[in-house]
Amino acid sequence: MSPTDAQNLAVRRIEYAEAEQQTPCRPVKARQAEIEEDVLQRVIRSFDGCADPRLKRVMVSLVEHLHAFLRDVRLTEEEWGEAIKFLTAVGHITDDKRQEFILLSDTLGASMQTIAINNEAYKDATESTVWGPFFVEGSPEIQNGEDMSFGAAGQPCWVEGTVTDTEGNRLPGARIEVWEADADGLYDVQYADGRVAARAHLFADENGAYRFWGGTPTPYPIPYDGPVGKMLQAVGRSPYRASHLHFMVTAPGCRRLVTHIFVAGDDLLDKDSVFGVKESLIKDFVEQAAGTPTPDGRVVEGTWARTRFDIVLAPTGS
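First things first, this report covers the structure right here in the doc. Quick caveat, the model's predicted, so the values are computed rather than measured.

Read across the sheet, 5 strands follow the order β3-β2-β7-β8-β9 without closing on themselves; strand pairing throughout is mixed. Each having just a single partner strand, β3 (199–203) and β9 (282–283) make up the two edges of the open sheet. Pairing analysis gives 5 bridges linking strand β2 (residues 175–179) to β3, with the strands arranged antiparallel. Its bridge partner being in β3, isoleucine 176 is matched across the sheet by leucine 202.

Here we take up helix α2 (residues 30–45). Over its 16 residues, α2 extends 22 Å from the first C-alpha to the last, a length consistent with the 22 Å expected when each residue adds 1.5 Å. Turning to α2, its buried residues number three or more, namely Glu36, Leu40 and Ile44. Taken around the axis of α2, the buried residues stretch over an arc of 85°, which confines them to a single face. In this fold, the buried residues of α2 make contact with α3 (53–73).

As a rule of thumb, nonpolar side chains are buried together in soluble globular proteins. Ranked by size, the top nonpolar core spans 27 residues in total, and within it Val163, Ile176, Tyr210, Phe212, Phe247, Ile311 and Leu313 carry the most contacts. Every element with two or more residues in this core is listed here: β1 (156–165), β2, β3, β4 (209–215), β7 (244–250), β8 (257–263) and β12 (311–313). Excluding residues that lie within four positions of it along the chain, valine 163 makes contacts with Asn169, Arg170, Leu171, Ala174, Ile176, Ala204, Gly208, Tyr210, Val249, Ile311 and Leu313. In terms of nonpolar packing, the next biggest core, distinct from the first, is built from 10 residues, Ile222, Met231, Leu232 and Val274 among them.

Turning to α3, a few remarks are in order. With 21 residues, α3 extends 30 Å from end C-alpha to end C-alpha; this agrees with the ideal 30 Å at 1.5 Å per step. Considered for burial, the residues of α3 that qualify are Val60, Val63 and His67. Taken end-on, α3 shows its buried residues confined to a sector of 65°, consistent with a single buried face. Residues Arg54, Arg57, His65 and Asp72 are exposed on α3 and point more than 90 degrees away from its buried face. N-cap assignment for α3: the residue whose side-chain oxygen lies 3.0 Å from the backbone N of arginine 54 is aspartate 52. Two residues or fewer after α3 comes arginine 74, characterised by a positive phi angle close to 55°.

Procedures and definitions
Residues numbered from 1 in each chain as written. Predicted model: local features only at pLDDT ≥ 70, side-chain atom pairs only at ≥ 80, totals over all residues. Heavy atoms only, no water. Pairing = 2+ DSSP bridges. Helix = DSSP H or I, 4+ residues; strand = E, 2+ residues; numbered from the N terminus. Expected span 1.5 Å × (residues − 1). Buried < 20%, exposed > 50% of the residue type's maximum accessible area, 1.4 Å probe, protein only. Arc of directions from axis to C-beta. Contact = heavy atoms within 4.5 Å. Core = buried A, V, L, I, M, F, W, Y, C linked by side-chain atoms within 4.5 Å. Polar contact = N/O pair within 3.5 Å; in protein donor to acceptor, adjacent residues only side chain to side chain.

That's the geometry; what it means functionally is another story.
Structure below.
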């Protein structure tokens, strides 16, 4: 543990102690503890007939941790009722275009933790990060060098790189899915007019290289007009995400990569509302002066930016 981590842990312990002093829990008497433990054990025994060992392990662990939380904070019936109302509201606002449960998972760090567990570090493979709630199947295909913004507002940005495996072999034909918010902080699916913009897929060329035009990423808030937004407001957290561009990359024999790249210098890099930023994914988006020749000869009105993202895929099963 670094000195900074130790200091942060000490501060949190002080904060917890102060909170306990403000809302102290009464000591649990021995008989009461026995009653609560009996409830837990009866629930655990209810899974004895489960034929699926993995499902049984997951359910028993879930119950153990849930009951430990309830007993630790001495949750009141009123608080439990509010929690049920909150989850009900999360379900009601979720539809085929808005996934509030993903937002909840993201903002509690559950998404990033699950990703960390299931995408172990392997050599120099590119790191994974969150899906986010706005991925949509069936994006339009573009050719290398074409524009994936389809008219979305924002500063034009040239993105290029290569796709290789961890042995340095180029991966021709690797599928690269890209999507992002526009300069107004919205994804296409958040508009009511059915537009498809700032999302596309393309394939690495015969040399494993790719290139496309998109928009320079800008910061934006996750949807905060629903229950997750109210939760963030209640605990004093910002809904803003650091500026980023999403990628999903697949190739035969390689582990699927879901990641983003972030803009170096963004003030929100250490405050990302879904904890998605990783140092290796922070890239320089270099602004080009108006009139600067573009890599493909495209004429751009005003300034534009460019960045490079070389993608390394881990082998399947790694």
